[in-house]
Amino acid sequence: MPLKAHEYPLGKIFSSDFDFMIPHYQRPYAWGTEQALQLLEDLEDALTRNADEPYFLGSLILVKPDEQKPYAEVIDGQQRLTTLSILLSVLRDLAENQAVADELRDMLCEPGTVLNKRPPKPRLRLRDQDAGFFATYVQSPGGLDDLLGLADHALANDSQKAIRENARALRDRLMAWTDDKRTALAILIHTRTFLVVVSTPDLASAHRIFSVMNSRGLDLDPSDIFKADVIGSLDAGRRQEYAKTWETAEQNLGRDNFADLFLHLRLIVTKSRGQRELLAEFRDQVLKRYLESGGGASFVDDLLVPYATAYAHLLHQDYDDHDDAWARVNNWLRRLAHPDNGDWRPPALWALRTHGNDPAFLDAFLRRLERLAASMLLRRVYTTPRVTRYVELLKQVDEAGVDAPAFDLTDDEKRDTRERLDGELYKVLPVRKYVLLRLDELFAKTPGVSYKHKIITVEHVLPQSPKADSRWVRDFTEEERTYWTHRLGNLLLLSRAKNSHAQNYDFATKKEKYFGPAAGVTGFASTTRVIMEPVWTPEVVKRRQAELMGMLAKEWELD
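A. Expanded view of the overall build of the chain. On a plain count of helices and strands, the chain comes out with 25 helices and 10 strands. Taking 559 residues into account, the globule formula puts the C-alpha radius of gyration at 24 Å, and the chain, at 31 Å, lies well above it. Expressed as lengths along the three principal axes of its C-alpha atoms, the size of the chain is roughly 100 × 60 × 45 Å. For the chain, restricting intrachain contacts to residue pairs at least 6 apart in sequence, the fraction spanning at least 24 positions comes to 71%. Within the chain, the 85 negative side-chain charges are centred at a point lying 4 Å from the centre of the 76 positive side-chain charges.

Now the structure itself:
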């Protein structure tokens, strides 16, 4: 069946032509009272304009495997359909004309027939967690009074709270209307309000359509489709349990990080760089082996949940800091979070997942990983060779662990790393702060201390543009200023925003008013050592450059 798009009045939408189902992989109903009342106000505006003018409410995207049958999975439009159902239920229960109430009742529920032994059925079925609740309190006549009387503790989740609050807000607004106006609104909704319905035969094509449409629903990610594949493969008795497990993992990570997890899982499982879109590759390379063997539950239990747990630790660095061994693991994760890419995450996740109870292994593994990541950061290794290096590492770690050869830097890589450190470091924005933070830890001998300041800036001691009559110009020749200004030995960290005027102070004034505690600067160990210098001359900068280079070369084993 090809893609089809038609416009339908809501009287047709809420009829036996459609049997809407919200798939279990969709997120819960989430519209608040602001969106619900905005929908009502939009309809009220249309009501006051022109009696014959149609009103378009947006679009629905459906998966409809059989065009001749009413069954349809809602890919985009859940929020709107659910809110419209609440609005129709309010109009139904407030209607003084019984015929109007009956027609609104039939828009919400298919009446069923006695002779065919077909029971009444809601036109819209929400996810399993909320379907019974919605049918009882919204879609069944007279249920709203009971709904509005429910206390918070009687509601199972935020979705049910949103349903209750939106029903209350819409009823309060509509109770102030006359019955004639409410009836006119019901006629507008039934006859003159339209939705464009886009239907496709399968989920993948629906997702492609959704990706290029800017609609009012909540975005659908590949992870939602993977959820449909996995949860749909389970028997009915286990679907709700595993859907809840999946959603808990997503909530713990946050939606963006959860989506990234699947990119990392694909790399960990396949040990190869991605070549195509994640939607196709993850299904073919990861999910297929589970689903063909009936292992949807195994995918959740053995892969998704353990790696989601590891990812949460990676993101939050929240192992028990009271244990020194675990504190070291947290500190490596804090350091690794600073480079301008996250390509190191798959091997780190592998370690956290497979050695999650062994802080000594993780300490050693993450130390080597940070060294490799720092070297590639300094050398500005671009994405393809960087990911290729981490892929090679993943191929080796099962056998070699912390001794994997991909951790090792070649002599050329060590030399290039040293040369980059010795160059004009300030000009490389993603590098300078990381290098100075690592140095500060080495000076302080307290791992991780420098990473928790809210503001961290990298500053020059010898300013970039000293005044012609300043001490800087007397102490440094133009050639010396050109050489040293942006190098490591002339840089320090401050826990404050830049001050372009103060940056040009002479050294003695700068120490007091700009670098020191009197200026509100939180102490960095490396900055304190600068403040202790009596003067700032080319000899001092050269000595400091050599000292800092030596410390980093030792820490990262660059000699």
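B. Representation of the packing of helix α5 (residues 128-139) against helix α7 (residues 158-175). α7 packs onto α5 with a crossing angle of 20 degrees between their chain directions and a minimal axis gap of 10 Å. With respect to their mutual orientation, α5 and α7 come out roughly parallel. Read as a crossing pair, α5 and α7 show a hand that is right-handed. Packed against α5, whose contacting residues are Q129, D130, F133, F134 and V138, the element α7 presents S159, Q160 and I163 at the interface. Class assignment for the residues of the contact of α5 with α7 results in 4 nonpolar, 3 polar and 1 charged.

C. Examining the sheet that holds strand β8 (residues 193-200) more closely. Pairing is mixed across the open sheet formed by 6 strands, whose spatial order is β1-β8-β3-β4-β2-β7. Of all strands in the sheet, those bounded by a partner on one side alone are β1 (4-9) and β7 (124-125). Inspection of the sheet shows β1 paired to β8 by 6 bridges, in the antiparallel sense. Bridging across to β8, P9 finds its partner in F194. Packing against the sheet, helix α2 (residues 33-49) makes contact with β3 (55-63) and β8, and its axis sits at approximately 130 degrees to β3. Contacts between helix α8 (residues 179-192) and the sheet are confined to β1, β3 and β8, with β8 contributing the most and set at about 35 degrees to the helix.

D. Quick peek at α2. Over its 17 residues, α2 extends 24 Å from the first C-alpha to the last, a length consistent with the 24 Å expected when each residue adds 1.5 Å. Turning to α2, its buried residues number three or more, namely A36, L37, L39, L40, D42, L43, A46 and L47. If you follow the buried residues of α2, they end up packed against β3, α3 (78-94), α7, α8 and β8.

E. Quick look at empty space enclosed by the protein. Enumeration over the complete set of coordinates arrives at 2 cavities of 30 Å³ or more. The computed volume of the second largest cavity comes to approximately 40 Å³. Lining the second largest cavity, in full, are L91, L94, A95, V100, L104, D179, R182, T183 and A186. Taken together, the elements giving at least two residues each to the lining of the second largest cavity come down to α3, α4 (98-108) and α8. By residue number, the principal contributor to the lining of the second largest cavity is α8, which donates 4 residues. Its residues placed into classes, the lining of the second largest cavity shows 6 nonpolar, 1 polar and 2 charged.

F. Examining the nonpolar core more closely. Of all hydrophobic cores here, the largest spans 89 residues; its most connected members are L261, F299 and L369. With residues up to four places along the chain from it excluded, the contact list for L261 reads L253, L304, Y307, A308, Y311 and L349. With 55 residues, the next largest nonpolar core counts L104, L126, L147 and L188 among its residues.

G. Structural detail: α4. Those residues of α4 not exposed but buried are A101, L104, M107 and L108. The buried residues of α4 all sit within an arc of 115 degrees when viewed along its axis, so they share a single face. Facing away from the buried side of α4 by over 90 degrees, the exposed positions are Q98 and E103. Among the structural elements, α1 (10-13), α3, β5 (109-110), β6 (121-122), α5 and α8 are those in contact with the buried residues of α4.

H. Structural context of the side chain of K414. Residue placement: K414 occurs in helix α19 (residues 411-422). Leave out the neighbours within four places in its chain, and K414 touches R371, L409, E557, L558 and D559.

I. Inspection of the layout of surface pockets at higher detail. In this structure, the largest pocket encloses a volume near 370 Å³. The wall of the largest pocket is formed by 16 residues, among which P28, R127, N157, E247 and Q251 lie closest to the centre. The set of elements that each furnish at least two residues to the lining of the largest pocket consists of α5, α7 and α11 (236-253). Tallying contributions element by element places α11 first for the lining of the largest pocket, with 4 residues.

Procedures and definitions
Residues numbered from 1 in each chain as written. Predicted model: local features only at pLDDT ≥ 70, side-chain atom pairs only at ≥ 80, totals over all residues. Heavy atoms only, no water. Helix = DSSP H or I, 4+ residues; strand = E, 2+ residues; numbered from the N terminus. Rg over C-alpha atoms; globule rule 2.2 N^0.38 Å. Contact = heavy atoms within 4.5 Å. Lys, Arg positive; Asp, Glu negative; His and termini not counted. Charge placed at Lys NZ, Arg CZ, Asp CG, Glu CD. Axes fitted to C-alpha atoms, helices over the stretch in contact; angles between N-to-C directions. Parallel < 35°, antiparallel > 145°, perpendicular 65-115°, else oblique. Left-handed = near helix turned anticlockwise from the far one by under 90°. Nonpolar A, V, L, I, M, F, W, Y, C, P; charged D, E, K, R; others polar. Pairing = 2+ DSSP bridges. Expected span 1.5 Å × (residues − 1). Buried < 20%, exposed > 50% of the residue type's maximum accessible area, 1.4 Å probe, protein only. 1 Å grid on protein atoms, 1.4 Å probe; cavity = no way out; pocket = protein on both sides within 12 Å on 5 of 7 lines; lining within 4 Å. Points joined across faces, edges and corners; volume = space filled by probe spheres on them. Core = buried A, V, L, I, M, F, W, Y, C linked by side-chain atoms within 4.5 Å. Arc of directions from axis to C-beta.

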